[in-house]
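# Analysis of the macromolecular model
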Amino acid sequence: VSASEAPALQEARRQVGRELVPSKTVRIDSWLVDAFELATGAPLTAGATDTASRKVPPTLVYHLVRREFDITSDQRPAPLIDLPLGSPVNGGIEFTFVRPLIIGETVRVETSLDSVDHRDTRRSGLTIVVVKTTVSDAGNREVASYRHTTLYRASS
Amino acid sequence: MNSTPSAGIGPDSVLEITRPPIAITQLVMFCGSMGIFDPIHFSADIAMREGFPGIVVNGSLRVAFLAQLATSLLGPGDQLTRLTCRHRSMILIGDSITTRARIESISGRAAGRQEMKLKLWNETARNGLADEGTATIELASNHTDDEKQDVG
């Protein structure tokens, strides 16, 4: 860990467990499912009157966290972890689905910093940041969760 | 979108979906409806200013493509319980994505409900392997033995 990055890494570690996006409740409306299906080119079930038989695409859960944006700016949005850890690279995602979402239900979405690890590499170092999002139903039972990994390569 | 038929599939069967080249309309629709407002996904000027060779296709859209193929295998009562994805190379606007899945295993009955494990990946002609992932599908216990035989 370079001298300049050590404080950032320490600060990131201190933030483990912190809520990164204010938790919110989201209703799984049919328009959201329609929009997802249309935009992904999935077989459309839009307009089906029997919503109980409609399947909510599983990875729609990824899009339930809605962040605030400055609509007067064309800048890239600030990262969830705003610390000088190096250049970020998408390290992948792991979803766990307990049960399918149901159109019309309301779920609670919570996103927090799950872990921060550092690995020394031959060139410099790699900081591995995992953010966990949990989706729970009205009975506070977990419906789905996902862990998103971002790799920060330290500048050599 | 063209997909291979799923009838008669078994272990090591490879299924695929080929899609037309990703268009700006699809990305704008996806970003707008899903609340993704990083302009590298819809502005070539901003993407190139940020050092990308062109408009960048969202990682979450690519994951959705993997999930789409995995869920196309679900029968009544089956459930996708796990999905993973790692991105291996960049996908840009205009790339055609082919999504493939291979059935890796179907677990025995000893553990109760059966599980089907899949390997999934996205490829482009320009860069080859773009994403790779896995999926686990819990098979409904009310499948008949004949139906289970059909999937391995």
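As the structure is a prediction and not an experimental result, all values here were calculated from the model. (Residues numbered from 1 in each chain as written. Chains lettered and ligands numbered in written order. Predicted model: local features only at pLDDT ≥ 70, side-chain atom pairs only at ≥ 80, totals over all residues. Heavy atoms only, no water.)

Now for the packing of aromatic side chains. Overall, the coordinates contain five aromatic pairs over all chains when judged by the stated rule. Residues Phe95(A) and Phe97(A) carry aromatic rings whose centres are separated by 5.5 Å and whose planes lie at 10 degrees to one another, so their mutual orientation is stacked. Under the relative-accessibility criterion, Phe95(A) is labelled buried at 2%. Arranged with centres 5.4 Å apart and planes meeting at 50 degrees, the rings of Phe95(A) and Tyr146(A) form a pair that is tilted. Note that Phe95(A) is positioned in strand E2 (residues 87-97) and Tyr146(A) in strand E5 (residues 142-153), a separation of 51 residues in sequence. Comparing Phe95(A) with Tyr146(A), the two get one shared label, buried. Put simply, the rings of Tyr62(A), Phe95(A), Phe97(A) and Tyr146(A) touch in pairs and so form one group of aromatic residues. Between the NZ or CZ atom of Arg19(B) and the centre of the ring of Phe65(B), over which it lies, the distance is 3.7 Å. Sitting over the ring of Trp121(B), Lys119(B) keeps its end group 5.8 Å from the ring centre. (Phe/Tyr/Trp six-rings, centres within 6.5 Å; stacked < 30°, edge-to-face > 60°. Buried < 20%, exposed > 50% of the residue type's maximum accessible area, 1.4 Å probe, protein only. Helix = DSSP H or I, 4+ residues; strand = E, 2+ residues; numbered from the N terminus. Lys NZ or Arg CZ within 6 Å of the ring centre and 35° of its normal.)

With 34 residues of chain B at the interface, the matching set in chain A holds 32 residues. Carbon and sulfur atoms make up 60% of the area that chain B and chain A hide from each other, which totals about 2,600 Å². Counting across the interface, chain B meets chain A through three salt bridges. For the interface between chain B and chain A, the tally reads 11 residue pairs in polar contact (both at pLDDT 80 or more). Sorting the residues of the side of chain B that touches chain A by element identifies helix H1 (24-34), helix H2 (44-49), helix H3 (59-71) and strand E3 (79-87) of chain B as the ones contributing at least two each. A total of nine residues in the side of chain B that touches chain A trace back to one element, the largest contributor, which is E3(B). Here four bridges tie E2(A) to E3(B), and the two strands are oriented antiparallel to one another. Across the sheet, Thr96(A) pairs through a bridge with Arg82(B), a residue of E3(B). (Contact = heavy atoms within 4.5 Å. Buried area = accessible area lost by both parts, 1.4 Å probe. Salt bridge = Lys/Arg side-chain N within 4 Å of Asp/Glu carboxyl O. Polar contact = N/O pair within 3.5 Å; in protein donor to acceptor, adjacent residues only side chain to side chain. Pairing = 2+ DSSP bridges.)

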